[in-house]
Amino acid sequence: MTSVSVDESTGGGNGQENVAIALGLVCAAGASTGIGAAVVFFPSLVKLSSRRVLASSLGFSAGVMTYVSFAEIFTKSIGSFENAGNTGDEAYVYATFCFFLGVVFMMIMNFLVTLLMGHHHDHHHRPHIDFD
């Protein structure tokens, strides 16, 4: 008779223990998005919001998304430099250098686009819509 040993450090499961929790969190996130988007259909709720709160919320969420994207891409960059044969310290320096090189590149591109387009801004301001 053959016996099969179970690795007790993993709990002996097949990796499916947290599927219900993950599914619940995904559904909650989707429901939150739907509820937040549905607010615009109720004029009384729209009136409660202020431009300052909306702008702050938008800025905060943009900052969080930028940070998450940066952190993920930066760690992958370090890993790629390490896989290319560099030490951990060298990989960190190279990844940081590439990040700031990208920032300078985007500043140059912004300058060139502004120069080529002539200092025009096409912000069409819409009149304020009152829901009364």
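Residues numbered from 1 in each chain as written. Predicted model: local features only at pLDDT ≥ 70, side-chain atom pairs only at ≥ 80, totals over all residues. Heavy atoms only, no water.

Student: What am I meant to see in helix 3 (residues 51-83) here?
Tutor: Under the 1.5 Å per step criterion, the end-to-end length of helix 3 is 47 Å for 33 residues, consistent within 8% with the ideal 48 Å. Directly after helix 3, the chain includes Gly 85, whose backbone phi takes a positive value near 105°. (Helix = DSSP H or I, 4+ residues; strand = E, 2+ residues; numbered from the N terminus. Expected span 1.5 Å × (residues − 1).)

Student: Any chance you could explain a nonpolar patch on the surface here in plain terms?
Tutor: Taken together, Val 104, Phe 105, Met 106, Ile 108, Met 109, Phe 111, Leu 112 and Leu 115 make up a surface patch of nonpolar side chains, about 780 Å² in accessible area. Positionally, Phe 111 belongs in helix 4 (residues 88-117). (Patch = residues over 30% accessible without salt bridge, like charges linked within 9 Å, V, L, I, M, F, W, Y side chains within 5 Å. Areas by Shrake-Rupley, 256 points an atom, 1.4 Å probe, with all protein chains shown as cover. Salt bridge = Lys/Arg side-chain N within 4 Å of Asp/Glu carboxyl O.)

Student: Sorry if this is basic, but what is going on with the packing of aromatic side chains here?
Tutor: Each aromatic ring pair is specified by the distance between its two centres and by the angle formed by the two planes. Within the structure shown, the criterion is met by five aromatic pairs. Centroid distance Phe 74 to Tyr 92: 5.6 Å. Interplanar angle 90°. Geometry classified as edge-to-face. Within this pair, whereas Phe 74 is found in helix 3, its partner Tyr 92 is found in helix 4, the two being separated by 18 residues in sequence. For Phe 74, a relative accessible area of 13% corresponds to the buried category. Residue classification places Tyr 92 among the partly exposed positions, given a relative accessible area of 47%. A network of ring pairs unites the aromatic residues Phe 70, Phe 74, Tyr 92, Phe 99 and Phe 100 as a single cluster. (Phe/Tyr/Trp six-rings, centres within 6.5 Å; stacked < 30°, edge-to-face > 60°. Buried < 20%, exposed > 50% of the residue type's maximum accessible area, 1.4 Å probe, protein only.)

Student: Would you mind showing me how to read the packing of helix 3 against helix 4 here?
Tutor: Relative orientation and spacing of two packed helices are given, respectively, by the angle between their axes and the distance between those axes. Put simply, helix 3 and helix 4 touch, their axes get as near as 8 Å, and they point 130° apart. With respect to helix 4, the axis of helix 3 lies oblique. Here helix 3 runs over helix 4; the crossing is right-handed. Note on element contacts: helix 4 touches helix 3 through Gly 88, Ala 91, Tyr 92, Tyr 94, Ala 95, Thr 96, Cys 98 and Phe 99, opposite Phe 70, Phe 74, Ser 77, Ile 78, Phe 81 and Glu 82. A class-by-class count of the residues in the contact of helix 3 with helix 4 yields ten nonpolar, three polar and one charged. (Axes fitted to C-alpha atoms, helices over the stretch in contact; angles between N-to-C directions. Parallel < 35°, antiparallel > 145°, perpendicular 65-115°, else oblique. Left-handed = near helix turned anticlockwise from the far one by under 90°. Contact = heavy atoms within 4.5 Å. Nonpolar A, V, L, I, M, F, W, Y, C, P; charged D, E, K, R; others polar.)

Student: Honestly, the pattern of salt bridges in this entry has me stumped. Any pointers?
Tutor: Where charged atoms from two side chains of opposite charge come close, those side chains can pair. As enumerated under the stated definition, the model contains one salt bridge in all. A salt bridge links Glu 72 to Lys 76; the nearest nitrogen and oxygen atoms lie 3.4 Å apart. Linking Glu 72 with Lys 76, this pair stays in helix 3, spanning four residues, or about one helical turn. According to the relative accessible area criterion, Lys 76 is exposed, its value standing at 53%.

Student: Can you walk me through the environment of Gly 88 in this structure?
Tutor: With respect to the helices and strands, the residue Gly 88 is situated in helix 4. Judged by its relative accessible area of 37%, Gly 88 is partly exposed.

What is shown is where atoms sit, not what they do.
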